[in-house]
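Inside the fold
Listed here are the chains, written in short residue letters.
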Amino acid sequence: LRDGHLDDFELICKLHGKKTMSLGPRVIFGEVWRRLLLNDLVGSDELVRGLVQRFVSPPRLGLVGSSHFRGSYPGTWPQNASLTLDVAKRLGCPEGQFKPDFFAGTMFWIRRELL
């Protein structure tokens, strides 16, 4: 991003391996989590076309992620509140209107300008 490699792209799909390094049930959970995220974001050509179209109308849409992994998690809010509220303010969202919400797994589609 800082080197300009993404400058030619309006939309970016952020994906990663989501590998679980531990053994046992967590490995299975990590694999299921990864596959669900990938299926929800890039599971078919038709899905990707539909997601890209969502950014066209309305043009102010900035982020799309998996509905399976969307939610607010109060336990993580205190440690992230200050930074998150600062970013929201810079994006034009008043603190009183901001609601903590994110996509767990950090895989999503986003407008480059938001990065």
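Here's what I pulled together on the structure shown here. (Residues numbered from 1 in each chain as written. Predicted model: local features only at pLDDT ≥ 70, side-chain atom pairs only at ≥ 80, totals over all residues. Heavy atoms only, no water.)

**Things to note about helix α1 (residues 25-42)**
One full turn of an α-helix is made of 3.6 residues, so residues set three or four places apart face in the same direction. For α1, which comprises 18 residues, the first-to-last C-alpha distance of 26 Å matches the rise-based estimate of 26 Å (1.5 Å per residue) to within 8%. Among the residues of α1, those classed as buried are Gly30, Trp33, Arg34, Leu37, Asp40 and Leu41. Burial along α1 is one-sided: seen end-on, the buried residues are contained in an arc of 140°. For α1, the exposed residues lying more than 90 degrees away from the buried face are Pro25, Ile28 and Arg35. Where α1 is buried, its residues meet α2 (45-56), β2 (63-65) and β5 (108-111). (Helix = DSSP H or I, 4+ residues; strand = E, 2+ residues; numbered from the N terminus. Expected span 1.5 Å × (residues − 1). Buried < 20%, exposed > 50% of the residue type's maximum accessible area, 1.4 Å probe, protein only. Arc of directions from axis to C-beta. Contact = heavy atoms within 4.5 Å.)

**Some details on the pattern of salt bridges**
The tally for this structure, following the rule as stated, stands at four salt bridges. Across the salt bridge formed by Glu10 and Arg111, the nearest N and O atoms sit 2.7 Å from each other. Of this pair, Glu10 sits in the segment before β1 (11-14) while Arg111 sits in strand β5; the two residues are 101 residues apart in sequence, bridging distant segments of the chain. Exposure remark for Glu10: the relative accessible area of 54% places this residue in the exposed category. Judged by relative accessible area, Arg111 falls into the buried class, the value being 7%. Between Glu31 and Arg35 there is a salt bridge, with the nearest N and O atoms lying 2.6 Å from each other. Taken together, the residues span about one helical turn, with Glu31 and Arg35 both in helix α1 at a distance of four residues. (Salt bridge = Lys/Arg side-chain N within 4 Å of Asp/Glu carboxyl O.)

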